[in-house]
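Chain by chain, the residues run as shown.
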Amino acid sequence: MDRMVSVAQSEVRWDGAVNAWHIAGSVYRMGRREWLTEVGWRQMYDDGVRTVIDLRTLREQQPRDTDPQVSTEATSRFDIVHCPTEDPDSEEFTELFGPYLKDPAHYADYLRLFPDKLAAVFQAIAMAPAGVVIHCAAGRDRSGIIAVMLQNLAGIDDQEIVRGYQQGMRGINERHRNHPAPHAHDGFLEDDALERMLASRTSSLLEFVGSLDAAAFLAENSLSAEQIAALRAKLSAPAVPVAPKPAARRRRTLRN
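Source: prediction; values computed, not measured.

A. A look at the overall build of the protein. Counting secondary structure elements, the protein contains 10 helices and 7 strands. Burial status across the protein gives 52% buried among its 256 residues. If you sum the accessible surface of the protein, you get close to 11,700 Å²; carbon and sulfur atoms cover 50% of it.

Below, the structure is given as structure tokens:
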């Protein structure tokens, strides 16, 4: 795609959602879905989302005592797809990233290590019948790398890609102001420390984006031309509500 467009990610106000952003078209990103309240789930539905893609590993998908109580009625209208992007038991993963992905300097290695798993996420997005939200735990790096690749696929310019990543970093940092981070070294950063980290990671992100061809990566990893076209259509489609679907809740996991 030759054309470079400017589409700023905008904040999404779903009740309880943490680090929630509209990427483009009918695709959104956020932190763990368990933070959503009953009202938040309904607001997400009203915004046209019908598919929730969970990028976390199974061991991360545990409820917390502080999570709000949500009825099955509120969640049953969504297709929840478990589509983990990584294998935390991979020795090279641990050597390169530690316990989790946390820096765009590692994004290229992440694509190299887990191409099939990442491609499965894009297949799920392409197959989704309406709006989609992707989420990991914090809503920063795993959902961030998917967002970057979607923006690259849509021809969004580099500065807006940087803006989206920085919004994700600032969003989870603000969450950590009043809520402890799961890892001691990933807690709340005061302004000066945050800006230094943003500068370093922005430089790494631009280097990654400069070498990225999302369409070629997807084609090399089993996505058809029709699926890539469907992704681009979803990224340009208006984010509007669609007709209701049956209330039976569906859950599935895409594995590689």
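B. Region of the structure containing unusual backbone geometry. Positive phi values are uncommon outside glycine, yet Asn19 reaches one of about 60°. Looking at where Asn19 falls in the secondary structure, it is placed in the loop between strand E1 (10–11) and strand E2 (21–24). Despite not being glycine, Ser222 has its phi angle at roughly 80°, a positive value. Following the sequence through the fold, Ser222 ends up in the loop between helix H9 (214–220) and helix H10 (225–236). Judged by its relative accessible area of 63%, Ser222 is exposed.

C. Structural detail: the pattern of salt bridges. Scanning the model with the defined rule gives 16 salt bridges in all. Of the charged contacts, one joins Glu34 and Arg32 as a salt bridge, the two residues approaching to 3.7 Å between their closest N and O atoms. Here Glu86 ties to Arg142 by a salt bridge, and the two come within 3.7 Å at their closest N and O atoms. Residue Glu86 is found in the loop between strand E5 (79–82) and helix H3 (91–97), and its partner Arg142 is found in helix H6 (residues 142–154); the two are separated by 56 residues along the sequence. Classification of Glu86 by relative accessible area gives buried; the value is 5%. Overall, the relative accessible area of 9% leaves Arg142 in the buried class.

D. Spatial organisation of the pairing of strand E4 (residues 49–54). Of all 6 residues that make up E4, 6 are buried, and the element is covered over most of its length. Here 4 bridges tie E4 to E5, and the two strands are oriented parallel to one another. If you follow Asp54 over to E5, its bridge partner there is His82.

Rules and cut-offs
- Residues numbered from 1 in each chain as written.
- Predicted model: local features only at pLDDT ≥ 70, side-chain atom pairs only at ≥ 80, totals over all residues.
- Heavy atoms only, no water.
- Helix = DSSP H or I, 4+ residues; strand = E, 2+ residues; numbered from the N terminus.
- Buried < 20%, exposed > 50% of the residue type's maximum accessible area, 1.4 Å probe, protein only.
- Areas by Shrake-Rupley, 256 points an atom, 1.4 Å probe, with all protein chains shown as cover.
- Salt bridge = Lys/Arg side-chain N within 4 Å of Asp/Glu carboxyl O.
- Pairing = 2+ DSSP bridges.

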